[in-house]
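Structural characterization, general
So the chains spell out like this:
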Amino acid sequence: MGKFTTESTSSFSAHIKEPIIIYEKKNTRRIFKADINDAKIDTKETLSGTIVHQRKKNNDEWEDIDSINLATLKGGEAIRLHFKSKDLREFFKGLQQLYKLSEEGVMYGEHEYIVGQTDQIIKVPRERKDFIQQLLDKDYGEEIWTELIENDPDLASRLSIARIQTERKEALEEFELNITDENRDENYWQNYFEQNQWIFGYGLNYYFLSQLSDQPSYGGASFKGIGNQKGDYLLNTNAAVKFTVLVEIKKPSTKLLATKKNGDNIKYRNGAWLIGQHLVGGVTQIQANCKTWLRKSFEPENIDELVPQNIYTVNPKGILIIGNTEELENNRSKIESFEMFRRGISNPEIITFDELYDRARFIVEKEEPRNNIDEDDDLDF
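Conventions used here
- Residues numbered from 1 in each chain as written.
- Predicted model: local features only at pLDDT ≥ 70, side-chain atom pairs only at ≥ 80, totals over all residues.
- Heavy atoms only, no water.
- Salt bridge = Lys/Arg side-chain N within 4 Å of Asp/Glu carboxyl O.
- Helix = DSSP H or I, 4+ residues; strand = E, 2+ residues; numbered from the N terminus.
- Buried < 20%, exposed > 50% of the residue type's maximum accessible area, 1.4 Å probe, protein only.
- Expected span 1.5 Å × (residues − 1).
- Arc of directions from axis to C-beta.
- Contact = heavy atoms within 4.5 Å.
- Pairing = 2+ DSSP bridges.

1. Some remarks on the pattern of salt bridges
Here the structure, examined in full by the defined rule, presents 15 salt bridges. The closest approach of N and O atoms between K93 and E173, which form a salt bridge, is 3.4 Å. Of the two residues, K93 is situated in helix α1 (residues 85-102) and E173 in helix α4 (residues 155-178); the sequence distance between them amounts to 80 residues. Looking at E173, the relative accessible area reads 23%, which means it is partly exposed. Through salt bridges with shared partners, a single network forms among E339, R342, R343 and E355.

2. Remarks on α1
With 18 residues, α1 ought to run about 26 Å at 1.5 Å a step, and its terminal C-alpha atoms sit 26 Å apart, in line with that. Among the residues making up α1, those that are buried are D87, F91, G94, Q97, L98, L101 and S102. Angular distribution of buried residues about the axis of α1 spans 140°; they occupy a single face of the element.

3. Things to note about the side chain of S297
Looking at where S297 falls in the secondary structure, it is placed in the loop between α7 (277-296) and α8 (300-306). Excluding residues that lie within four positions of it along the chain, S297 makes contacts with N302, I303 and T313.

4. Describing the pairing of strand β11 (residues 242-249)
Across the eight residues that make up β11, a large majority, seven, are buried. Bridging between strand β10 (residues 233-237) and β11 involves four bridges; their strand directions are antiparallel. Across the sheet, residue Y233 finds its bridge partner in β11, namely V247. Linkage of β10 to β11, two consecutive antiparallel strands, is achieved through a turn of four residues. Judged from the seven bridges that link them, β11 and strand β12 (residues 311-321) form a sheet pairing that is parallel. Its bridge partner lying in β12, K242 is registered against I311.

Quick look at the structure:
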C-alpha cells in the first residue's frame, strides 16, 4: 500500500512529493522522483521521473549527489548503476502504483491518495485530514477513544484487527521479497520470524505456538542460561496443557539435495538423488537438541519456570525450516527423493521456506494456498 501526495505544476501536470525508495542504507539511498502528465493519457504515457542517488550525514536531511554530465563521457567510458533483484522489485511495485495513480488524472492543488494492494485508489479528503490533525494536536486522544467506543463498542476491536491485518500484509510482502535473496543470512530470518510469530502460530500443523525463548540454551542450567547447545527457538503449544517445541532455522538458499561444484544436483542410482549435507546436518542437529532438552527439561530451574505455566516436555517435537522446493525443478525423481526422505523421519518435521510462505499467505488472504488443499486432505507438512 502506497501513500502519495500530488502537487499540480500546471493544468495537466503534477509532481509526486513522495519518492519511490529503490534501496536505502544508513547514509545512502537511491530514489525515483516522479511526475505525472495528462497530455498523453490516451497512450498511457503518463509518468516520467528521475533516478537520484542521495547521501546524508547522521541526523541530517537527504541531499542529492552532484549530477554528472553524460555529454562529457569519452568513447569507451560508461556509468553503471547496479540494482539488486530486491531493489528492482521495489522499484517495479512503486511504478505500478504510480501508473495506477496517474490514470486518475491531474487535479489542481495538493491532494493525498492511498493506492491499495488491489489497485484501489482512495482519495483522502482534505477537510477530514485537517480535522483529525487538529484533534491530535490538541491532545484529545483519550476523550476521542472514550466517545467513539461508547457510540460503537466494537470499534476498537475492528480498528485493532484492521491494523494487525495491515501489518501482516506488509510482513508477507517482506517474506516474498527476501525468500530469493541469497544475501539474507540465518540471523535475518531468525529476527524476521521473531517479529512475526503469527506465521508459526498457524503454519506448523495449525498449533497455536508461543515463543518461550529465542536462541535458547538446551545444555545449560536453564533454557534462559548459557549452555553448550544453542537453538533458534523454543516454542510451546497453547492449550490447557502446553508442550515445548524446538525450531531450527536455516536459509531459503540452503540446498535440499546434494550438489556438485558446478551447482548440479548429484544423482545416486535408480532415480534416487543424494540429500543435501546441510539438510542431513540440520536434522541431526535438532535431533541432538531434542535429546538434550528432554534431559535438561527436568532440571529444577526449568521445572520451576515452566510447570507453573502448564508447559511440559514429553519427547519434544523438532521443526526444521530449510530450503525452497523450487530447487527440485518439478523433476519427479528429485521431488520423490526429497519427500520420501522427510516422510521417513518422524522428528524433526521438515518445512521449506516456500511452504511456510504459502501458509502465511493463506492466513493473510483467507484463500486456498497454491497447492489447492481439499477439505479431506491431511494438513500436516
